[in-house]
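Each chain, letter by letter, is given below.
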Amino acid sequence: MQLAPAFEGSDVTFASTDAGQAENYDFERFIALKDYNQNEKLKMLAGLAETFGVIRRLRPDVVISTGAAPGLLCLLWGRVMGARTIWVDSIANSQEMSLSGRLAPKFCHVVLTQWEHLATESDGRVQHWGSVL
Amino acid sequence: MIFLTLGTQLPFDRLVEAVDNAVDGLDEEIFGQIGKSGYKPKNMQVTDYMTPREFNDRFAAARVIVAHAGIGSILSGFNAGKPLVIMARRAELGEHRNDHQLATVAQMQRIPGIHVAETTEDLRRYFADPDLLAMSAGETPERTRLIGNLRKEIFG
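Note that residues are indexed from 1 along each chain, following the sequence as it is written. Whichever chain is written first becomes A and whichever ligand is written first becomes 1, with later ones labelled in order. Totals for whole chains, interfaces and linings use all residues, but because this is a predicted model, local features are given only for residues with pLDDT of at least 70 and pairs of side-chain atoms are given and counted only at 80 or more. Calculated side-chain values reflect all of the structure's heavy atoms, with hydrogen atoms and water omitted.

Novice: Would you mind showing me how to read the interface of chain A and chain B here?
Specialist: Many descriptions give the size of an interface as the accessible area lost when the pieces come together. Any two residues having at least one pair of non-hydrogen atoms within 4.5 Å are treated as being in contact. Taken together, the contact pairs 28 residues of chain A with 25 residues of chain B. A per-residue breakdown of the area chain A buries against chain B is headed by Gln 2, Trp 129 and Leu 133 of chain A, which together make up 32% of the total. Here a salt bridge means any side-chain nitrogen of Lys or Arg lying within 4 Å of a carboxyl oxygen belonging to Asp or Glu. Our enumeration of links across chain A and chain B arrives at 1 salt bridge. For Glu 153 of chain B, the salt bridge goes to Arg 84 of chain A, with nearest N and O atoms at 2.5 Å. For the purposes of these results, a polar contact is taken to be a pair of N or O atoms within 3.5 Å, where, inside protein, one atom must be able to donate a hydrogen and its partner to accept one; residues adjacent in sequence count only when each atom of the pair is a side-chain atom. In this structure, the connection of chain A to chain B is made through 13 residue pairs in polar contact (both at pLDDT 80 or more). Looking at the side of chain A that touches chain B, the elements that each hand over two or more residues are β3 (62-65), β4 (84-88) and β5 (110-112) of chain A. Accessible-area loss on putting two parts together, using a 1.4 Å probe and summing over both, is the definition of buried area adopted here. Each helix is a run of H or I in the DSSP string that is no shorter than four residues. Each strand is a run of E no shorter than two, and both are numbered from the N terminus.

Novice: It is not clear to me how the sheet that holds strand β3 (residues 45-47) of chain B should be interpreted in this structure. Could you clarify?
Specialist: The strands that make up a sheet are held in pairs by hydrogen bonds between backbone atoms, and each pair lies either parallel or antiparallel. All names here are of chain B. With parallel pairing, 6 strands are arranged side by side in an open sheet as β3-β2-β1-β4-β5-β6. Bordering the open sheet on either side are β3 and β6 (114-116), each of which pairs with just one other strand. With strand direction ignored, the average angle separating the axes of adjacent strands in the sheet is 20°. Axes here refer to lines fitted to C-alpha atoms; in helices the fit is confined to the stretch in contact. Angles between the N-to-C directions go from 0 to 180 degrees. Lying over the sheet, helix α1 (residues 13-22) contacts β1 (2-5), β4 (64-68) and β5 (84-87), oriented at roughly 150° with respect to β4. The strands touched by helix α3 (residues 71-80) are β4, β5 and β6; relative to β5, the strand with the most contacts, the crossing angle is about 170°. When DSSP locates at least two bridges between a pair of strands, those strands are taken to pair.

Novice: Teacher, can you tell me more about the pattern of salt bridges here?
Specialist: Note that side chains of opposite charge can pair when their charged atoms are close. Residues and elements named next belong to chain B. Taken as a whole, this structure holds 12 salt bridges over all chains when the rule is applied. In this structure, Asp 20 engages Lys 42 in a salt bridge whose closest nitrogen and oxygen atoms are separated by 3.8 Å. Linking Asp 20 in helix α1 with Lys 42 in the loop between β2 (30-33) and β3, this pair joins segments that are 22 residues apart in sequence. Each residue's exposure class comes from its accessible area (1.4 Å probe, protein chains only) as a fraction of the maximum for that residue type: buried when under 20%, exposed when over 50%, partly exposed otherwise. We classify Asp 20 as buried; its relative accessible area is 0%. For Lys 42, a relative accessible area of 62% corresponds to the exposed category. The closest approach of N and O atoms between Asp 122 and Arg 125, which form a salt bridge, is 3.4 Å. Here the residue Asp 122 and the residue Arg 125 both occupy positions in helix α5 (residues 120-128), the gap between them amounting to 3 residues, near one helical turn.

Dropping the structure here:
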C-alpha cells in the first residue's frame, strides 16, 4: 500500500483479498474480501453482495482502490451510497489501463493512471496526478 | 555484495550472461536468483528459487541490486533505498510477451538511483563505482505530487 501517506490523519479501513497484507500495515481496521475476476460471474454476484454489506456498514466518506474487481465493486457501492470515489490504476499498468481501470470512469469521481501517456491518450476522464515512483 | 534477481516467471539469459561477464575479476561477492536460466554462470553463486525471507535478507545485504525492468523489482529497490541496475526484457529476443519493459525503462530512467544497462560494459562501469547513487528510499517528486493531490482530494 504505497498510498498510505495520503490517508494519514483519517479513520481508515483497509480491505484486501490478501489477508496476509493486514500484518504489513498499521490501519485501524482490516476487512478480508473474497477474490474473483470479471470472468467469474457467479463469484462476482456473491462479491456484489459482500461489498454491498461492507460499504453499507462502514458508510465511508471516501472509497479509494487500485483494484481489481472487488475494489471496483466497493467503489460502485461507495458511489451509490454517497462517498467520494477514487480509482488509482496500478503503476504496473504502463501499456494500458487494467480492465477494471477502464470500467472505473463509468461511475468514479476521479480516475487516475500513474503513466502520463495513458492520461493523454484517454478522453479526459483519466487523469495523471503523479506516480508512486 | 551484488544481488541479481530475476523473479521466477521467465528466464533472462542475456542479463545473466552480461552480469557473469561483467563481474569477472571483481573482488566482491555476487549472488544471483536467476530462475530457469539456460546460461550457466561461471563467476557467481546462483539459485533458481529463494524463499521470501532469503530474498529479503539478500536484498538488505546487497550493495547493488541488478534486476529486469519489472515494477516489482523497482518498487523493492525504492523501498530499500538501494542503487538499482535494470535491463529491459525484449519481446524480439523471446524474453517477454511484449516490449512493455522498454516503455518502463524509458519512464524510469529519470528516477535518481535507477541505472539502465544495455551491455556488459554498462554493468562493469556501474559495478566499479563505489558511490553508485542509491534510490532515495520513500521519496520522489512524482510520489510527493501524487500523495499531495490525493490528500487534497480526500481532505479538501
